[in-house]
Amino acid sequence: MSTPLASPLFVPVAWLATARRAGAWALRHPGLVLAAAYLVLAAIATVAPAWLTGYDPLAADPLAAQFGSSAEHWLGTDQLGRDIYARIVHGARYSLLISAGAMLLATVAGTVLGLLAGLARGALDEFITRFLDVVSAFPDLLLALMLISFTGAGTVNLVFALGVASVPRFARVVRAQTFVVTESGYVEQARTLGLSPWVLVWRHVLPHAVAQVPILATIGLGTAIIGTAGLSFLGMGPQPPAAEWGLMLAEGRNYLYNAWWIAVWPGVAITLTVIAVSALGRYWQARFEGRETA
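Cut-offs applied
Residues numbered from 1 in each chain as written. Predicted model: local features only at pLDDT ≥ 70, side-chain atom pairs only at ≥ 80, totals over all residues. Heavy atoms only, no water. 1 Å grid on protein atoms, 1.4 Å probe; cavity = no way out; pocket = protein on both sides within 12 Å on 5 of 7 lines; lining within 4 Å. Points joined across faces, edges and corners; volume = space filled by probe spheres on them. Helix = DSSP H or I, 4+ residues; strand = E, 2+ residues; numbered from the N terminus. Axes fitted to C-alpha atoms, helices over the stretch in contact; angles between N-to-C directions. Parallel < 35°, antiparallel > 145°, perpendicular 65-115°, else oblique. Left-handed = near helix turned anticlockwise from the far one by under 90°. Contact = heavy atoms within 4.5 Å. Nonpolar A, V, L, I, M, F, W, Y, C, P; charged D, E, K, R; others polar. Core = buried A, V, L, I, M, F, W, Y, C linked by side-chain atoms within 4.5 Å. Buried < 20%, exposed > 50% of the residue type's maximum accessible area, 1.4 Å probe, protein only.

(A) Highlighting empty space enclosed by the protein. Inspection of the entire model under this criterion finds one cavity of 30 Å³ or more. When its volume is computed, the largest cavity comes out at roughly 40 Å³. Every residue along the wall of the largest cavity is listed here: Asp 78, Ile 84, Arg 87, Met 248, Glu 251, Gly 252 and Ile 262. Of all the secondary structure elements, the ones that give two or more residues to the lining of the largest cavity are α3 (84-120) and α10 (245-252). If you tally residues by element for the lining of the largest cavity, the top one is α10, at three residues.

Listed below in structure tokens is the structure:
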């Protein structure tokens, strides 16, 4: 006699139950569903923009300059006749990859510094803490602007500047969690069993110390997107004729009266991306803290 698990109907029934739970969750969180759908499109634009548009973002057509929305150019054209929708789609690669690269740098550097400070204590902890205090004394955007003034404009330098400016928020969290974890009972028990310090850190301290880091990185990604756009607006990021959202804002600010769409649509793209990332990050944080159920 077949058991319920062996029934050929079990898998479809399980899928149906999962689909029902997913549908119920979507009905309770329609905003998060829209945010996730938008970020999927943004991810496609980043890795495969040709799937979303067939226009070349750099192809200029002076005869079609500053045309409004039409069937041929959904969001109109800019001052050089370039398709704005195509430039926004291709610009996601710059804006999102720069922001993600900055968060990756901040995550790795912050985790290493926080772990070292939490494990070493003493003079090294004091030195790292004072360094983080100095970095934290400056607003992120101002510190990034100062760093770029020394390193020069460019995509790589922009990633470095935004990443360094975000290091303290990760390092402080990892340091505090390392203090808590190293004093916990299961770590003390593992230490008495004779585990080497490296194994102890890798298996027992690190996984718990960095538990909140992905959440911080997700929330911080929204801030990094704003920073990327702001510094690119000031000419510190990718240079013309690159299709980057902040740079598009800078190019379109002189045409607000007679061709408002040149600057407005990149601004809308930045706003929607930041809102979507922040919404998912806040929900993830609420789930982690037990303030939200699945």
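Structure's up, so let's keep going.
(B) Representation of the packing of α3 against helix α11 (residues 261-288). Viewed as axis vectors pointing N to C, α3 and α11 meet at an angle of 40°, and their least axial separation amounts to 11 Å. When the axes of α3 and α11 are compared, the pair comes out oblique. Handedness of the α3/α11 crossing: right-handed. Facing Ile 84, Ile 88 and Leu 96 of α3, the residues of α11 in contact are Trp 261, Ile 262, Trp 265, Pro 266, Ala 269 and Thr 273. Across the contact of α3 with α11, the residue classes break down as eight nonpolar, one polar and no charged.

(C) Seen up close, the nonpolar core. By size, the foremost hydrophobic cluster in this structure holds 19 residues, and its most contacted members are Ile 84, Ile 88, Ile 225, Trp 245 and Ile 270. Those elements giving two or more residues to this core turn out to be α2 (30-47), α3, α9 (213-233), α10 and α11. When residues in this core are grouped by element, the largest group, six residues, is from α11. Not counting residues up to four positions away in its chain, the partners in contact with Ile 225 are Leu 96, Ser 99, Ile 270, Thr 273, Val 274 and Val 277. Grouped together as the second largest cluster of nonpolar side chains are 18 residues, Leu 115, Val 201, Leu 206 and Ala 224 included.

(D) Quick peek at the layout of surface pockets. By volume, the largest pocket is sized at about 320 Å³. As for the largest pocket, its lining consists of 15 residues, of which Tyr 38, Tyr 85, Ile 88, Val 89 and Ala 269 are closest to the centre. Residue assignment for the lining of the largest pocket shows that the elements contributing at least two residues are α2, α3 and α11. Looking at the second largest pocket, its volume works out to about 210 Å³. What lines the second largest pocket is simply Val 112, Leu 115, Leu 116, Leu 119, Pro 197, Trp 198, Val 201, Trp 202 and Leu 206. Among the elements that take part in the lining of the second largest pocket, helix α8 (residues 197-209) stands out by supplying five residues, more than any other. Along the lines of polarity and charge, the residues of the lining of the second largest pocket split into nine nonpolar, no polar and no charged.

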